[in-house]
Amino acid sequence: MPTFVKPEVKVDNTLAAQAFAAIGSVSRIQVLGVILEAGESGLTIGEIQKKTGIAASTLAHHLRFLCDASLVIQEKQGRRILNRTHKQLIEALGIFLTNISNSMEEGE
């Protein structure tokens with residue numbers, strides 16, 4: 001019998017659809033991955049740009065998508081804007097998919 005896991009962050013179908021749509025491009029997946037790798041320290045937009053090679057205006061567009069879906073959180077520190085991932089939400093999205101898979105297996 002599959003085990004259902006309760007995430008710390010509540011993910012409903014609407015939130016999941018918005019989050020998955022936000023990461024629906026190779027570039028946004030790349031940006032999200034780079035920010036995830038940075039951990040709690042986060043990255044500035046310039047640091048993300050250096051690591052990805054994405055033009056500043058395009059990067060701003062991708063970050064806006066990720067922020068609107070709450071996958072990336074921006075925090076102003078002085079003159080810098082740090083970008084960090086909302087790790088609990090990302091983990092909850094993984095659990096959301098696992099629970100869907102488990103419920104499909106149960107229905108078989």
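The following paragraphs examine the structure supplied in this document. (Residues numbered from 1 in each chain as written. Predicted model: local features only at pLDDT ≥ 70, side-chain atom pairs only at ≥ 80, totals over all residues. Heavy atoms only, no water.)

1. Topic: the packing of aromatic side chains
Summed over all chains, the structure comprises zero aromatic pairs. Sitting over the face of the ring of phenylalanine 65, arginine 28 holds its NZ or CZ atom 4.1 Å from the ring centroid. (Phe/Tyr/Trp six-rings, centres within 6.5 Å; stacked < 30°, edge-to-face > 60°. Lys NZ or Arg CZ within 6 Å of the ring centre and 35° of its normal.)

2. Notes on a nonpolar patch on the surface
Together, Leu97, Ile100 and Met104 make up an exposed nonpolar region whose accessible area comes to about 290 Å². When you line up the elements, methionine 104 lands in helix α5 (residues 87–107). With a relative accessible area of 57%, methionine 104 lands in the exposed category. (Patch = residues over 30% accessible without salt bridge, like charges linked within 9 Å, V, L, I, M, F, W, Y side chains within 5 Å. Areas by Shrake-Rupley, 256 points an atom, 1.4 Å probe, with all protein chains shown as cover. Salt bridge = Lys/Arg side-chain N within 4 Å of Asp/Glu carboxyl O. Helix = DSSP H or I, 4+ residues; strand = E, 2+ residues; numbered from the N terminus. Buried < 20%, exposed > 50% of the residue type's maximum accessible area, 1.4 Å probe, protein only.)

3. Quick notes on the sheet that holds strand β3 (residues 80–85)
Consider a sheet: its strands pair through backbone hydrogen bonds, and that pairing is either parallel or antiparallel. Pairing in this open sheet of three strands is antiparallel, and the strands run β1-β3-β2 from one edge to the other. Edge positions in the open sheet fall to β1 (43–44) and β2 (72–77), since each of these has one partner strand only. Sheet topology places β1 next to β3; two bridges connect them, and they run antiparallel. Considered in β3, the bridge of leucine 43 is made with asparagine 83. In the packing of helix α4 (residues 56–68) onto the sheet, contacts are made with β2 and β3, and the angle to β2 comes to roughly 110°. (Pairing = 2+ DSSP bridges. Contact = heavy atoms within 4.5 Å. Axes fitted to C-alpha atoms, helices over the stretch in contact; angles between N-to-C directions.)

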